[in-house]
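Inside the fold
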Amino acid sequence: MHTLSRPGGVLAFDDDGPDGPAPLLFVHGMPFDRTMWRDHVDRYAAERRVIVPDLRGFGRSSGPPASWAGYADDLATLLADRRVPPAVVVGFSMGGLVALDLQDRYPHLVAGLALVDTTAGPDPDPAARHALADRLEREGMDPYTVETLYRMVRPDCSERIVEHVLAMMRDADPAGVAAAHRLRAWCPDHRDRLAGIAVPTAVIVGADDELTPLPAAEELAQIPGAELTVVERAAHMPPVERPDVFVAALDRLLARVDRRVRPAA
């Protein structure tokens, strides 16, 4: 694990794999941490560079940032500090919104996008988001975890998957998660600019996702040339529920990006 000092906190991250094809930047969702990508890091770091941070306020990172823009600013600073070439940014849920913000504000850093169970739009109910943040600070993570677990993953997931998801949720810092919910309540609306995104894009969504359902993915698929993958037998977390389907979709995206970065002679 490495760390990078940021205003008001520290960004913790892993940086593995060789230079070569377009690197990968994995961005987790809420209330998770960078370990949600652990199996994918092991796979991809054999062939390309893989950068995996804990967003500030989650995992080993401290913070949180002072504004929603701070999440993307952290990632931009990280990529510059580590001298990472333009990366394929894989953003899950909240991380997908951060990925869109990064691509909007720092387009020179983004070679491709994988938007996983996320949305382009603003929060439909900021007041409810703030109320949830208050509740997390008051009650801690356990009641929320019990209520939400089987919206994150399907009840028929393997015991290994359920235990991993439970551990990430229960180990999350309630203050960091609450702060992220408050910042998420006012994140930008990217819907009007989707048609102008010009990097190869994959949109991936669980068929049974109730939190960011298929219509949100279909809206993101308006990005020119975007490939939409609907993952059967998955709820909100296809990367851990159906890693085989997720990897296949990501491999197709990487092939497109690699051809663009290093076209055939």
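Everything that follows concerns the structure shown earlier in this document.
Attention in this report is confined to the structure presented alongside it. (Residues numbered from 1 in each chain as written. Predicted model: local features only at pLDDT ≥ 70, side-chain atom pairs only at ≥ 80, totals over all residues. Heavy atoms only, no water.)

Before going further, it helps to examine the pairing of strand β4 (residues 50-54). The element β4 is extensively covered by neighbouring structure, given that 5 of its 5 residues are classed as buried. Residues V50, V52 and D54 point to one face of β4 and I51 and P53 to the other, with burial holding for every one of them. Examined bridge by bridge, strand β2 (residues 9-16) and β4 share 5 bridges and lie antiparallel to one another. Following the sheet pairing, A12 is matched in β4 by D54. Across 2 bridges, the pairing between strand β3 (residues 24-27) and β4 is parallel. Each residue of the ladder has a partner; that of L24, found in β4, is V50. (Buried < 20%, exposed > 50% of the residue type's maximum accessible area, 1.4 Å probe, protein only. Helix = DSSP H or I, 4+ residues; strand = E, 2+ residues; numbered from the N terminus. Pairing = 2+ DSSP bridges.)

Position of H181 among the secondary structure elements: in helix α7 (residues 174-184). We classify H181 as buried; its relative accessible area is 3%. With residues near it in sequence (within four places) discarded, H181 still touches M30, R129, L132, A133 and L136. (Contact = heavy atoms within 4.5 Å.)

To continue, consider unusual backbone geometry. Residues M30 and P31 are joined by a peptide bond in cis, for which omega reads 10 degrees. The linkage connecting G63 with the following residue, P64, adopts the cis geometry, with an omega of -5 degrees. Within the secondary structure, P64 is located in the loop between β4 and α2 (69-81). For R83, which is not glycine, the phi dihedral falls at a positive 55 degrees.

A separate point is the layout of surface pockets. To locate leftover empty space, one rolls a probe as large as a water molecule over the atoms. In this structure, the largest pocket spans a volume of roughly 750 Å³. Lining the largest pocket are 29 residues, with D123, R129, R184, L211 and T212 sitting closest to its centre. Broken down by element, the lining of the largest pocket gets its largest block of residues, 5 residues, from helix α5 (residues 142-152). Looking at the lining of the largest pocket residue by residue, the class counts come to 13 nonpolar, 7 polar and 9 charged. (1 Å grid on protein atoms, 1.4 Å probe; cavity = no way out; pocket = protein on both sides within 12 Å on 5 of 7 lines; lining within 4 Å. Points joined across faces, edges and corners; volume = space filled by probe spheres on them. Nonpolar A, V, L, I, M, F, W, Y, C, P; charged D, E, K, R; others polar.)

Geometry only, nothing functional implied.
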